[in-house]
Structures are given as structure tokens and as C-alpha cells.
Amino acid sequence: MKLDKTLEKLWPELSYPLSFADALGALSKQQLTSIRTNLKISNLSSLNKQGLVEKLSEKISEHLSEVIDSFDYNRLKLLQKIVKNDGIWDKPLLELQQYDYFRERGILFSGTWEGKHVVLMPVELVAYFKETTSLQEHPNVSRNTEWIRLTHGLMFYYGVLTLDELQSFIITETDDSSVAYELNHILLEAECYYDTFTFGEDQLVSSMLCENPEGIMRERSLRNDLDFCPFTKQQLLKAGEPEYVERSTPYMNLVRFVLHRYEIDRAEAELMAETCVDAAKNGSSLAEVLGATREFIDIPNLEMANAITNLLVPLMNSTKQWAIKGYSPEELSAKRASASLLLNQVPSQAASADVIDLQTRKKIGRNDPCSCGSGKKFKKCCG
């Protein structure tokens, strides 16, 4: 019911061409105040609603430069397209928060016109953009696009970073001191538009899929000797693409198994696999990941539970997990074993990866007997 009311408010009746007076007049005083705040328009707080509508109608265009300077290609190209079409987009395809983003900056307004959903730009703003170079491809748009994609990629692999850590991955030694401020501004705007990561308390930047950022950071503090898993810039940019999915062999094995044995379409099967991967990234137990599959399929007996579990174990062991700084458990076990051989010293129990044994479905400590039956410790055998 709440969603229905939200959608109803999203598509009010609008006239086209749309004026600032009509667009802003349909908003609440609180919504008008949001526009004033987002555009940093001062000396209007004492005005009543009508006075605020009149002043914002005059001032929005001239206060948009800082917002537009933060755009990536997606937002810039969208506005260019709507201006070229005289202020109307009759087949809008945005996420809910993206409609809010543009409305809360006085740029675009969603509504219903002639019985169909449209997004409209006030005529005064269309004229302004046509008369100026404001929407030309500005020098920073390529940089902004790269910064945002890199941030998405970093969130994909690490889940949560301190602001300093995030900056260290993106800002180069040749950048001047103002770049950190610019990066923060770009990402704060992108946070509102994409809703895929968020700035939280204690200067933490986290993926919206990260269920407990503080808990991840606490677990990492037990591994201070472990550096972040290294990724190339191209790997991060690729992972930062919209809807990116890492379709590993264990991932595809799970998808194929479900498609073969259940009446489920491929999109749903992949969504199930992605849900399992996200749970593993968050550090969920094998039982919890198995429970997540029940949201998509029935597991009628022990035989089916065992079959799915045998697919989940390698999936979890090969998933790059956030608490271990972007390594998968099997990668980290190999890294520790290699370091032990090179340095002739035993890694600490706390620093070992949470590898799951395929047979017992339990995590194996490095000093536990190896599950292969050799009689040796795991760290001296298959570990």
C-alpha cells in the first residue's frame, strides 16, 4: 500500500510545456526547501511557499553549475536528450531515487500527461540550456564517470572502506590537494543518484549490500597483517559496470543445477546464485546461505539438500569475501601456505581463511587434521 501511494505521488497530472511556476507550485514547502538546500541558494528561508516558488523559478538555472559539474556521462547524456526533445521524455526508465534526485534539484519532474507517464523539464530551463554551454561535455565528466565506476568496483570487491582507504585507491600521487574534496562531492551526489553505496558514520563508505559494515571492519582489524587483495584498474572498472556479475564456474554450476531440476527461469536462477554470493561476501554461514536458496526453490528432502550444499561449498570458498579484504577463502589459504613455505613460519589461527570442508561442511582450522585422511595437519597437507 505504501509503495502504491509513493508511485501515485510520483506521477501527478502535469501540463506540457511545463513552467517552473507549475512544476514548483505542485511541490510541498519541504520539497521546495530541499531544492534550495541542494542548490545552495541562500537568503530564502524566511519566504512563504509562494514566495519560495517565485524566487526558485528565477534562481534555479543560475545555481545548477556545481551540480552539473558533478555529473557522469549517464546524467549528462540524459539531460542532453531531454533538452533536444524540447523538455519531454515520454518513455522514462529511471529508478525511484533517480526521479527524486532530479526533482530535488529542480531539473526534471515526473508526472502524467495525456494518459502516459512522462518526465518534463521546465521550459525556462530548456531555453537556458539551449542558449548556454552548460550541458556541453565538460572536462570533468570523463573523470567523474571513472571515479564513480571505480567506487562501484571497490564496493563490489571490498564491501566497505574508510573514506581514507577509498581515496587512496582512487587519488594518485600526481593529483593536487583539492582532488580529495572534489572526489567527496562527486561521490555524495552519486550516492543520491545511484543508491548503491552510502556514506555512514565513522567515515565509512559501504555497499548497500553490506549488511554490517562495522562488523566487517571489526573482523578486518584481526587481520592487520593482511593487505587488501590487489585488483587492476581495469578489473575495478569492469566490476563497476551496472549489473555486473562475476559468473565463476561454481556460480554457473549452481545455476545449471537449478535450471535442470526446477521450473524456474534463468533470471530467477541467477538471482538466487547472486543472493548466495552476496550472503557469502557478508560472511554468512553455510547454513544461512542454504537458507537463502529456500527463498527461490523448495528443498524437499535430505538428498536435495546435500546436492545443493555440495554446490554451495565451492561457491562460498571461491567468493571474494569482504571480511578478508577481497580475497576468497581458497585464495587466502593458498597465500598463507605460500608465505609459510617462504618464511618457514606458521601463520596464526586468527589470520587463516574460513575454508569450508566439502565433506563435513565445517570450517577447517589450519591446525586441524586434514579432511583427506592423511593424518597430517591441514596446513601441512591440502591447506
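Preceding this paragraph is the structure being described.
All values derive from a computational prediction rather than experimental measurement.

Caption draft 1: Up close: the overall build of the chain. Each helix and strand counted, the chain has 18 helices and six strands in total. Buried positions account for 48% of the 383 residues belonging to the chain. Put simply, of all contacts in the chain between residues at least 6 apart along the chain, 65% involve residues at least 24 apart. For the chain, the computed accessible surface area is about 20,200 Å², with 50% contributed by carbon and sulfur atoms.

Caption draft 2: Representation of helix H6 (residues 73–84) in the model. The end-to-end C-alpha separation of H6 is 16 Å, in line with the 16 Å expected for 12 residues at 1.5 Å each. Taken residue by residue, H6 has Arg75, Leu76, Leu78, Leu79, Ile82 and Val83 as its buried positions. One side of H6 carries all its buried residues, which in axial view fall inside an arc of 160°. Where H6 ends, the next residue or the one after it, Asp86, has phi of about 60°, a positive value.

Caption draft 3: Highlighting the nonpolar core. Counting 77 residues, the largest nonpolar core has Leu24, Leu56, Phe71, Phe102, Ile107 and Met121 as the members making the most contacts within it. Per-element accounting of this core gives the leading share, nine residues, to helix H9 (residues 141–158). Taken together, domain 1 (1–131) and domain 2 (140–240) each give at least three residues to this core, which thus spans both. Apart from residues no more than four positions distant in its own chain, Phe71 is found in contact with Leu76, Leu79, Tyr101, Phe102, Ile107, His138, Val141 and Asn144. Val258, Ala273, Leu311 and Leu315 belong to the second largest nonpolar core, which has 30 residues in total.

Caption draft 4: Examining the pairing of strand S3 (residues 116–120) more closely. With two bridges joining them, strand S1 (residues 88–89) and S3 adopt antiparallel strand pairing. Bridging across to S3, Ile88 finds its partner in Leu120. One ladder, built from five bridges, connects strand S2 (residues 109–113) with S3; its direction is antiparallel. Bridging from a neighbouring strand, Gly111 pairs with Val118 of S3. Linking S2 to S3, which pair antiparallel, is a turn of two residues; within it Glu114 sits at a positive phi near 50°.

Caption draft 5: Geometry of the sheet that holds strand S6 (residues 204–207). With antiparallel pairing, the three strands of this open sheet are ordered in space as S4-S6-S5. Of all strands in the sheet, those bounded by a partner on one side alone are strand S4 (160–162) and strand S5 (197–199). Sheet twist, expressed as the mean angle between neighbouring strand axes with direction ignored, is 15°. Where S4 and S6 come together, three bridges link them in antiparallel fashion. Paired with Leu161 across the bridge in S6 is Val205.

Conventions adopted
Residues numbered from 1 in each chain as written. Predicted model: local features only at pLDDT ≥ 70, side-chain atom pairs only at ≥ 80, totals over all residues. Heavy atoms only, no water. Helix = DSSP H or I, 4+ residues; strand = E, 2+ residues; numbered from the N terminus. Buried < 20%, exposed > 50% of the residue type's maximum accessible area, 1.4 Å probe, protein only. Contact = heavy atoms within 4.5 Å. Areas by Shrake-Rupley, 256 points an atom, 1.4 Å probe, with all protein chains shown as cover. Expected span 1.5 Å × (residues − 1). Arc of directions from axis to C-beta. Core = buried A, V, L, I, M, F, W, Y, C linked by side-chain atoms within 4.5 Å. Domains from an automatic or database assignment. Pairing = 2+ DSSP bridges. Axes fitted to C-alpha atoms, helices over the stretch in contact; angles between N-to-C directions.

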